[in-house]
Amino acid sequence: MAPLSPLPTADLLAVLPEALRRLARHGEIKRYRKGHRLIQEGDHGDTLFIILSGRVRVFGSDDQDREITYGTYGAGEYHGEMSLDGGTRSATVVTLEPCECAVVTRQTLQQHIAAHPEFAFDLLAKVIRRARAATLSAKQLALNDVYGRLVLLLDELAEPQPDGTRLIAQRPTHREMASRLGCSREMVSRLMKDLEGGGYASVLGAGLRVSSRLPARW
């Protein structure tokens, strides 16, 4: 699916921190439809995608098309930096909704770093944060059962509310949760049904309200 025509950059770059905004100004602004694959795991590529609007999902898959989601990201994030060393893409990135991105080539990034050396530290910090997240994810998969991983995911997504509960404004689907937890959708559905039946979670419009503290074991 080909990207739509480029958009004016006037308001799109305003969501970015100044250091990233300077780089995005040298990229090509493109709009992508929902479901478009910006990056395919295993491919070679030399472009960086800076998200200006919309959300993307980053995931890996195996030969049986089983997937594990590494995260979902929105405006102000960027992806593709892991292949800028000349290696293959380490994950697939697909749009969850219509997105606008500034697409920057490796050559443009090198020129930007030469002109603004401090950006190299921002890039390094991003790589370190994602490496730490990947390490934590592997630790959770190895040391927690499915319910334990579900609790950690809900804790990560939920925001505290004045009434003492916590709210996930845009609740993920059971399939999306299963992809992040490394289990079946049916397992997630069963656990969520149990939590709702026990009064620990409740659907609230497009969101999900969860109690301030979930049981340690189920």
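Please read these numbers as outputs of a predicted model, since none were measured by experiment.

Attention now goes to the nonpolar core. Judged by nonpolar contacts, the single largest core of 19 residues is most densely connected at L150, L154, M177, M192, L195 and L208. At the level of elements, α4 (146–157), α5 (174–181), α6 (185–197) and β12 (207–210) are the ones that each hand at least two residues to this core. Top contributing element to this core by residue count: α4, with six residues. Those residues in contact with M177 that sit more than four places away from it in its chain are L150, L153, L154, P172, V188 and M192.

Take the sheet that holds strand β11 (residues 201–204) next. The strands that make up a sheet pair up through hydrogen bonds in the backbone, lying either parallel or antiparallel. With respect to topology, four strands assemble into an open sheet ordered β9-β10-β12-β11, the strand pairing being antiparallel. Pairing within the sheet leaves two strands with one partner each, and these edge strands are β9 (159–160) and β11. As defined by bridge partners, β11 adjoins β12 across four bridges and the pair is classed as antiparallel. Bridge pairing in β12 links L204 to G207. Each of β9, β10 (166–168) and β12 touches α4; the most contacted strand, β10, lies at about 90° to it.

The rules behind the values
- Residues numbered from 1 in each chain as written.
- Predicted model: local features only at pLDDT ≥ 70, side-chain atom pairs only at ≥ 80, totals over all residues.
- Heavy atoms only, no water.
- Core = buried A, V, L, I, M, F, W, Y, C linked by side-chain atoms within 4.5 Å.
- Buried < 20%, exposed > 50% of the residue type's maximum accessible area, 1.4 Å probe, protein only.
- Helix = DSSP H or I, 4+ residues; strand = E, 2+ residues; numbered from the N terminus.
- Contact = heavy atoms within 4.5 Å.
- Pairing = 2+ DSSP bridges.
- Axes fitted to C-alpha atoms, helices over the stretch in contact; angles between N-to-C directions.

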